[in-house]
Amino acid sequence: AHAVPIEPQRFAVRPRVEEIVRIAAGDRSREVSVQVAADLQASVDPTAFDRILSNLVTNALRYGKPPVIVYARQVDGRLEVAVEDRGEGVPSEFVPALFERFSRSDAARPRGPGTGLGLAIAQSYAEAHQGRLEYREADPHGARFEVVLPADVA
């Protein structure tokens, strides 16, 4: 995480989220709902933002179930972004190892290819940005990954 250079740039969040979803989801883009205010602007590192969000969207489509919802909002000088799906969520016994490199739950293995690096990489980008990436159970069910980045948000 310390080797990742962070260079914040100001950008409109919604169009960037929509572009990341289009690229990451491909022909499954219709399964992703973007719930981001049209006027939300933030100063964060675009590379870190793109890597984190594309990983979370890809994982939600690979291991969860639609609909996948991407939220973003400003809270106290931070940009909070969440990706949520309506699958089964992460088994509680696996949650402590979720962000470790090369870790994959037994339930995830048959659902798709993967190295177990994606969440570890996303977490590294969040930490390099002095932020955090966390997992929560979605309501009523599913997985919810939340990234919080310090940002000049307006």
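Quantities reported herein were computed from a predicted structural model and do not represent experimental measurements. (Residues numbered from 1 in each chain as written. Predicted model: local features only at pLDDT ≥ 70, side-chain atom pairs only at ≥ 80, totals over all residues. Heavy atoms only, no water.)

**Student:** Quick question: what am I supposed to make of the sheet that holds strand β7 (residues 143-150) here?
**Tutor:** Strand-to-strand pairing in sheets goes through backbone hydrogen bonds, with the strands running parallel or antiparallel. One open sheet accounts for five strands, arranged β2-β4-β5-β7-β6; its pairing is mixed. Across the chains shown, the open sheet's two edge strands, defined by having one partner strand only, are β2 (32-36) and β6 (132-137). On average, adjacent strands in this sheet sit at an angle of 15 degrees to one another, irrespective of strand direction. Inspection of the sheet shows β6 paired to β7 by six bridges, in the antiparallel sense. Residue pairing in the sheet places arginine 136 in a bridge with arginine 144 of β7. The strands touched by helix α1 (residues 13-25) within the sheet are β2, β4 (68-75) and β5 (78-84), with β2 carrying the most contacts at an inclination of about 165 degrees. On top of the sheet, helix α2 (residues 46-63) reaches β2, β4, β5, β6 and β7; it is set at about 20 degrees to β5, its chief contact. (Pairing = 2+ DSSP bridges. Helix = DSSP H or I, 4+ residues; strand = E, 2+ residues; numbered from the N terminus. Axes fitted to C-alpha atoms, helices over the stretch in contact; angles between N-to-C directions. Contact = heavy atoms within 4.5 Å.)

**Student:** Where do I start with α2 in this structure?
**Tutor:** Residues lying three or four places apart along an α-helix face the same way, a consequence of the helix completing one turn every 3.6 residues. Taking 1.5 Å as the rise per residue, α2 with 18 residues should run 26 Å; its terminal C-alpha atoms sit 25 Å apart, in good agreement. Turning to α2, its buried residues are Pro46, Ala48, Phe49, Ile52, Leu53, Asn55, Leu56, Val57, Asn59, Ala60 and Leu61. Here α2 starts with a cap whose side-chain oxygen sits 3.0 Å from the backbone nitrogen of threonine 47, and that cap is aspartate 45. (Expected span 1.5 Å × (residues − 1). Buried < 20%, exposed > 50% of the residue type's maximum accessible area, 1.4 Å probe, protein only. Polar contact = N/O pair within 3.5 Å; in protein donor to acceptor, adjacent residues only side chain to side chain.)

**Student:** Hey, could you run me through the pairing of β5 in this one?
**Tutor:** Two faces, one strand: in a regular strand the side chains alternate between the faces of the sheet. Counted residue by residue, β5 has six buried out of seven residues, so it is predominantly covered. Of the strand pairs in this sheet, β4 and β5 are connected by seven bridges, and their pairing is antiparallel. Of the residues in β5, the one forming a bridge with valine 70 is valine 83. Between β4 and β5, which follow one another and run antiparallel, lie two residues, and aspartate 76 among them has a positive phi close to 50 degrees. Of the strand pairs in this sheet, β5 and β7 are connected by seven bridges, and their pairing is antiparallel. By the bridge assignment for β7, arginine 78 is matched with proline 150.

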